[in-house]
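Tertiary structure, described
The lines below spell out each chain.
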Amino acid sequence: MSTALPPCPQPEEPLDGTPVLVPFGTGAEEPCLRADAARNRARLLDAAARLVAEHGAAGVTMEAVAAAAKVGKGTVFRRFGDRTGLLMALLDHEEKKFQAAFLSGPAPLGPGAPPVERLRAFGCAALRRAADDLELQLAAEPCPDRRFLVPPRRARYGHVLMLLRQAVPDADCELLAQTLMGYLEPALIHHLTRQCNMPMERLQHGWHDLVARVTAARQPA
């Protein structure tokens, strides 16, 4: 007997058009942090950033961060939950800047350009963003049952979905958006750039080609 699949979670979209920046973590407690708690969090993130710079993402463990920050290991777990939460917090600042760029920055990445042009700009910017922090993004990859539900990915998916609905309203935009998002997965970018030695220019050209085929839009000569 077949079992109906649950509907795909829909991205949250602001009703008044105001851009909403989505953090890597839940972010629920951050606005209410006491001054000393905020200082402790910044201290832990500084220690984790030093470990990444000195030893790569593999050197970032809860124990190593606690030792570098001279606090108990339990403090790190209480603040970030687990290693993935810690790594996501490290990526949060750059992710917020990227979100601000595609939600409200200058065109063509931001509003004001045609949707297909914005899609092209979004993918190229996301590829460059992944390349800048590739090792850290790979280390922060959620487990498979959470990969597609973490807030930043949902924010990116929602943006791509919105642009596709504008560009090709009669298409199955939800599936097309997931297809485009698959091209931007850190694991694939790592494979293509580090294991296949493909230059970033080739990946960006491939993104333009994929967008053109998905939207039936002709690329400029």
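Quick look at the structure, then. Quick caveat: nothing in here was measured; it's all calculated off a predicted structure.

Quick notes on the rules
Residues numbered from 1 in each chain as written. Predicted model: local features only at pLDDT ≥ 70, side-chain atom pairs only at ≥ 80, totals over all residues. Heavy atoms only, no water. Helix = DSSP H or I, 4+ residues; strand = E, 2+ residues; numbered from the N terminus. Buried < 20%, exposed > 50% of the residue type's maximum accessible area, 1.4 Å probe, protein only. Contact = heavy atoms within 4.5 Å. Areas by Shrake-Rupley, 256 points an atom, 1.4 Å probe, with all protein chains shown as cover. Salt bridge = Lys/Arg side-chain N within 4 Å of Asp/Glu carboxyl O. Expected span 1.5 Å × (residues − 1). Axes fitted to C-alpha atoms, helices over the stretch in contact; angles between N-to-C directions. Parallel < 35°, antiparallel > 145°, perpendicular 65-115°, else oblique. Left-handed = near helix turned anticlockwise from the far one by under 90°. Nonpolar A, V, L, I, M, F, W, Y, C, P; charged D, E, K, R; others polar. Core = buried A, V, L, I, M, F, W, Y, C linked by side-chain atoms within 4.5 Å.

Okay, the overall build of the protein next. Secondary structure summary: the protein contains ten helices and zero strands in total. Its helices and strands in sequence order give the protein the pattern α-α-α-α-α-α-α-α-α-α, from N to C terminus. Within the protein, the fraction of its 221 residues that count as buried is 40%. Pairs at least 24 residues apart make up 67% of the contacts formed inside the protein by residues separated by at least 6 positions. Per element, the accessible surface of the protein, about 12300 Å² overall, is 57% carbon and sulfur.

We now examine the pattern of salt bridges. The tally for this structure, following the rule as stated, stands at eight salt bridges. Between Lys73 and Glu63 there is a salt bridge; the shortest N-O distance is 3.5 Å. Taken together, the residues span a long stretch of sequence, with Lys73 in helix H3 (residues 73–80) and Glu63 in helix H2 (residues 62–69) at a distance of ten residues. Residue Lys73 is classed as partly exposed on the basis of its relative accessible area, which comes to 40%.

Further remarks concern helix H10 (residues 200–215). For H10, which comprises 16 residues, the first-to-last C-alpha distance of 23 Å matches the rise-based estimate of 22 Å (1.5 Å per residue) to within 8%. Where the residues of H10 are buried, they touch helix H5 (115–132), helix H7 (151–167), helix H8 (173–183) and helix H9 (186–195). Positive phi appears at Ala216, one or two residues downstream of H10, with a value of about 60°.

A few words now on the packing of H5 against H10. Closest axis-to-axis distance for the H5/H10 pair is 9 Å, and the angle between their directions is 150°. Accordingly, the angle class assigned to the pair H5 and H10 is roughly antiparallel. When the axes of H5 and H10 are compared, the crossing they make is right-handed. Of H10, the residues touching H5 (which contributes Val116, Leu119, Arg120, Gly123, Cys124, Leu127, Arg128 and Ala131) are Met200, Leu203, Gln204, Trp207, His208, Val211 and Thr215. The residue makeup of the contact of H5 with H10, split by class, is nine nonpolar, four polar and two charged.

This part covers the packing of helix H4 (residues 83–104) against H7. Two elements in contact, H4 and H7, have axes whose closest approach is 12 Å; the angle formed by their N-to-C orientations is 15°. In terms of orientation, H4 lies roughly parallel with respect to H7. Considering only the axes of H4 and H7, their crossing is left-handed. For the pair H4 and H7, contact is made by Glu95, Phe98, Gln99 and Phe102 and by Pro152, Ala155, Arg156 and His159, respectively. In terms of residue class, the contact of H4 with H7 is made up of four nonpolar, two polar and two charged.

Another point: the nonpolar core. The biggest cluster of nonpolar side chains holds 32 residues, and the ones touching the most others in it are Leu127, Val160, Leu164, Leu180 and Trp207. Elements with a minimum of two residues in this core: H4, H5, H7, H8, H9 and H10. Top element by residues in this core is H5. It accounts for nine residues.

Turning our attention to unusual backbone geometry. In this structure, the amide linkage connecting Ala107 to the following residue, Pro108, adopts the cis form with an omega of 10°. Located in the positive-phi region is Lys70, a residue other than glycine, with phi close to 60°. Here Lys70 falls in the exposed class, since its relative accessible area comes to 70%. In this structure, Asn197 takes a positive phi of about 60° despite not being glycine. Given the relative accessible area of 62%, Asn197 is considered exposed.

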